[in-house]
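Structure at a glance
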Amino acid sequence: MPERGLHDVQGIEGSEPAIATPRPARVISGKTLVIGMFAFGLLLTGLLYAYWDLHTRPFRPLQDAIARVIPGSQPRVIGGRHKSHRIGAPKTLRIIVEVDYNPLDEANQARRDEAVRKILELARTQHDVSPYEKIEMHLEHRVPERPPVVWSLIQTPADWEAFSAREAVPGSSS
């Protein structure tokens, strides 16, 4: 059998080998690309807005009520199951309110407890708290150029009811 060289190779049925001609590169004009980028950005912005609106809508009346009662508080209220993929994750209502005083200072304890009682009363009147297993209350005091000072307490709704029932008596600790 004779040795074949590269020059002896033939295409299908004895035809000449096919030479692939490069296709011209697909060209997208700059104008089309910029319009596409803006459209993509608007689409993602719309999706983000829709997600956030659906996520916060049930809590908006409570947020608005807290903002009216405690001006400048910038309240944030969210609810649901944290790490919902875990079995047994408790259903939690989280309320975060900004205050203009240090909530950890003992001199502000009565003021802090009164604010928490107001917020809990609003929560009961503006939102159904019965399905929640835990209610988180966070009071933040932001100082420029420093980390925020945060007072947090996480309790069951029954414990919060007991907290609300206690009157702020001078000299008593909550």
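Predicted model only: the values in this text are computed from it and were never measured.

**Quick notes on the packing of aromatic side chains**
Between two aromatic rings, the relevant description is the distance of the centres plus the angle of the planes. Summed over all chains, the structure comprises one aromatic pair. Ring geometry for W160 and F163: centres 5.5 Å apart, planes at 80°, overall edge-to-face. Placement of the pair is W160 and F163 together in helix α4 (residues 157–165), with a separation of three residues, close to one helical turn. By relative accessible area, which is 1% here, W160 ends up buried. The positively charged end of R117 is found above the aromatic ring belonging to F163, 5.0 Å away from the centroid.

**Focus: the side chain of H127**
With respect to the helices, strands and loops of the structure, H127 is situated in the loop between α3 (109–126) and β3 (134–141). The exposure class assigned to H127 is buried, which follows from its relative accessible area of 12%. At 3.0 Å, the side chain of H127 forms a polar contact with the side chain of Y132.

**Some words on the confidence of the model for the protein chain**
Looking at the protein chain, the pLDDT average stands at 84 and 84% of residues meet or exceed 70. pLDDT under 50 marks residues 168–174. Its contacts with residues more than four places away, or in other chains, come to eight contacts.

**Examining the packing of α3 against α4**
Closest axis-to-axis distance for the α3/α4 pair is 10 Å, and the angle between their directions is 125°. Classed by the angle they form, the pair α3 and α4 counts as oblique. In this structure, α3 crosses over α4, and the sense of that crossing is left-handed. Of the residues in α4, those in contact with D113, V116, R117, L120 and R124 of α3 are W160, E161, F163 and S164. By residue class, the composition of the contact of α3 with α4 is four nonpolar, one polar and four charged.

Conventions and cut-offs
Residues numbered from 1 in each chain as written. Predicted model: local features only at pLDDT ≥ 70, side-chain atom pairs only at ≥ 80, totals over all residues. Heavy atoms only, no water. Phe/Tyr/Trp six-rings, centres within 6.5 Å; stacked < 30°, edge-to-face > 60°. Helix = DSSP H or I, 4+ residues; strand = E, 2+ residues; numbered from the N terminus. Buried < 20%, exposed > 50% of the residue type's maximum accessible area, 1.4 Å probe, protein only. Lys NZ or Arg CZ within 6 Å of the ring centre and 35° of its normal. Polar contact = N/O pair within 3.5 Å; in protein donor to acceptor, adjacent residues only side chain to side chain. pLDDT = per-residue confidence, 0-100. Contact = heavy atoms within 4.5 Å. Axes fitted to C-alpha atoms, helices over the stretch in contact; angles between N-to-C directions. Parallel < 35°, antiparallel > 145°, perpendicular 65-115°, else oblique. Left-handed = near helix turned anticlockwise from the far one by under 90°. Nonpolar A, V, L, I, M, F, W, Y, C, P; charged D, E, K, R; others polar.

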